[in-house]
Amino acid sequence: MGVSRLDVFYRRLLLNKLFIGGWGKPEDLKRIFEFRKIIGDREKCRSLVPKDYPVYINKTEEFADCQIQEGFFISPLEHLVPGILPPESIKARFQFIVPKRWQKNRPVCIHLAGTGDHFFWRRRTLMARPMIKEAGMASLLLENPYYILLRSSLKNVSDLFVMGGALILESTVLLRWLEREGFWPLGMTGISMGGYMASLAVTNWPKPIPLIPCLSWSTASSVFTTGVLSKAVNWTELEKQYGINSVYEEEIINLLEYCGADSFKMGENVEEHLRDLSQDHRLSVKQGSKSSGGSEEDGAGDREDHLLSRGNSVRTCFETLPKNLNAHNTLHGKKMDSAKCCRPSLHRESISFMKGVMDECTHMANFSVPVDTSLIIVVQAKEDAYVPRTGVLSLQEIWPGCEVRYLNGGHISAYLFKQNIFRQAIYDAFNRFCLKYPNLH
């Protein structure tokens, strides 16, 4: 299946760069990786968030069809990993859109925000208000950390991982609050990054729950290394930091524990993409590098692909690379000489490192399987250029029993014109839950 031309065209219209600040502080990455080992195991997290965790409503507005409440609470991540969140994100904010009349039960769906979905207007207008009219279903819209009052994209790679940890814990707070308030059934959804974050949150919830991730998949690694968003990544800054600071390859790599196959599925399609990403980048490299290191780099690339395809763990992957790229003096020793930032293999190494850290912190196989996968309905676009499915484990492999519904077209067209299909999947998942667990409340 090809990729949507609209996805490619739309990405070209957006000029903003991703991760302009680089990888993030190495000490933050270390803390995140350690915390991931805890939050990736549902049993270890049972007591992280107290059942009576305080939630506050500070504003209520009345409308003809609904009541809109605005609330807040302190993100549990601030207590568990102090100082990792920016000050503006310590207080989590949400909107709760409640119908004036319930049709059946008191269902609530939590909607997590997609990339660039600041504040609440988009989710409230396109999903929450129609869901009140169509199904009498309430919606709770949680604001993303980093988006609160900032209206900016993620500056560091580490910010994405912090956001994931925060949203897992904050979703737990809200689900427990809704349970205390007597709402039932409860479920989670989101579109694009929101769907991915909702999936993460459900892996941590200790009960069966409907989950409807739309336009998301099993890992974020493919999004930023082979999807159209990879061309918006500030690879120049990432390569510079990776080349100068040896802590990434000498210490951070040793913390990676994800041992799935995805980090090593570097087949022809990925190699093609690496060459494509490198094309413009190489124009800025010294001409001497091009003339003296070209053929040697190609040979090293072929050997690297062979190693990647045979790797058994992330650590194996990165420990093996230097032996076959030693002509470029790549991964050993202190790299404080800025000239080394121009080594021909640096772009390839940075992409491999990105893939490794992304799989470590975002791959669904690194988290507990949801309690009942039959309550999961995934909605995916067949020609999605933002969320590539080639070369990574499918959600059906990770979550046996989940349902995947495919839409014609790509990421952008599905977002613009298929919101009604997303809503129908939500209703179907909630109905499935009510039939299977009528007394679970």
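All of these numbers come straight from a predicted model, not from anything done at the bench.

A few words now on the overall build of the protein chain. If you tally the helices and strands in the protein chain, you get 16 helices and nine strands. Counting the 441 residues in the protein chain, one finds 59% classified as buried. Residue pairs in contact within the protein chain that sit at least 24 positions apart in sequence constitute 80% of those at least 6 positions apart. Carbon and sulfur atoms provide 52% of the accessible area of the protein chain, an area that totals close to 18400 Å².

Among the nonpolar cores identified, the biggest contains 96 residues, and Trp 23, Phe 33, Phe 96, Phe 161, Met 188 and Phe 224 are the most heavily contacted of them. Contact partners of Phe 224, with chain neighbours within four places excluded, come to Leu 18, Phe 19, Leu 160, Leu 229, Ser 230, Val 233, Trp 235 and Met 358.

Following the criterion strictly, the structure yields 13 salt bridges and no others. We note a salt bridge from Lys 100 to Glu 62, for which the minimum N-O separation is 3.4 Å. One end of the pair, Lys 100, is in the loop between β3 (91-99) and β4 (108-112); the other, Glu 62, is in strand β1 (residues 56-62), with 38 residues separating them in the sequence. Classification of Lys 100 as partly exposed rests on a relative accessible area of 42%. With a shortest N-O distance of 2.7 Å, Arg 432 and Glu 403 are connected by a salt bridge. On the criterion of sequence distance, the pair formed by Arg 432 in helix α16 (residues 419-436) and Glu 403 in strand β9 (residues 403-407) is long-range, its members being 29 residues apart. On the basis of relative accessibility, which here comes to 27%, the residue Arg 432 falls in the partly exposed class.

In this model, the protein chain carries a mean pLDDT of 83, and residues with pLDDT of at least 70 account for 78%. Contacts from residues 263-271, a stretch scored under 50 in pLDDT, to residues over four places away or in other chains number 25 contacts. Throughout residues 280-339 the model reports pLDDT below 50, and contacts reaching past four residues in sequence, or to other chains, amount to 84 contacts.

This part covers unusual backbone geometry. Cis geometry marks the peptide bond from Trp 184 to Pro 185; its omega dihedral reads -5°. Here Pro 185 lies in the loop between α5 (157-180) and β6 (186-191). Phi is positive for Phe 19, close to 60°, though the residue is something other than glycine. Here Phe 19 lies in the loop between α1 (5-13) and α2 (26-39). The exposure class assigned to Phe 19 is buried, which follows from its relative accessible area of 1%. Of note, the phi angle at Asn 105 is positive, near 60°, even though the residue is not glycine. You can see Asn 105 is positioned in the loop between β3 and β4. On the basis of relative accessible area, Asn 105 is assigned to the partly exposed category, the value being 34%.

Each value, and the rule that gives it
Residues numbered from 1 in each chain as written. Predicted model: local features only at pLDDT ≥ 70, side-chain atom pairs only at ≥ 80, totals over all residues. Heavy atoms only, no water. Helix = DSSP H or I, 4+ residues; strand = E, 2+ residues; numbered from the N terminus. Buried < 20%, exposed > 50% of the residue type's maximum accessible area, 1.4 Å probe, protein only. Contact = heavy atoms within 4.5 Å. Areas by Shrake-Rupley, 256 points an atom, 1.4 Å probe, with all protein chains shown as cover. Core = buried A, V, L, I, M, F, W, Y, C linked by side-chain atoms within 4.5 Å. Salt bridge = Lys/Arg side-chain N within 4 Å of Asp/Glu carboxyl O. pLDDT = per-residue confidence, 0-100.

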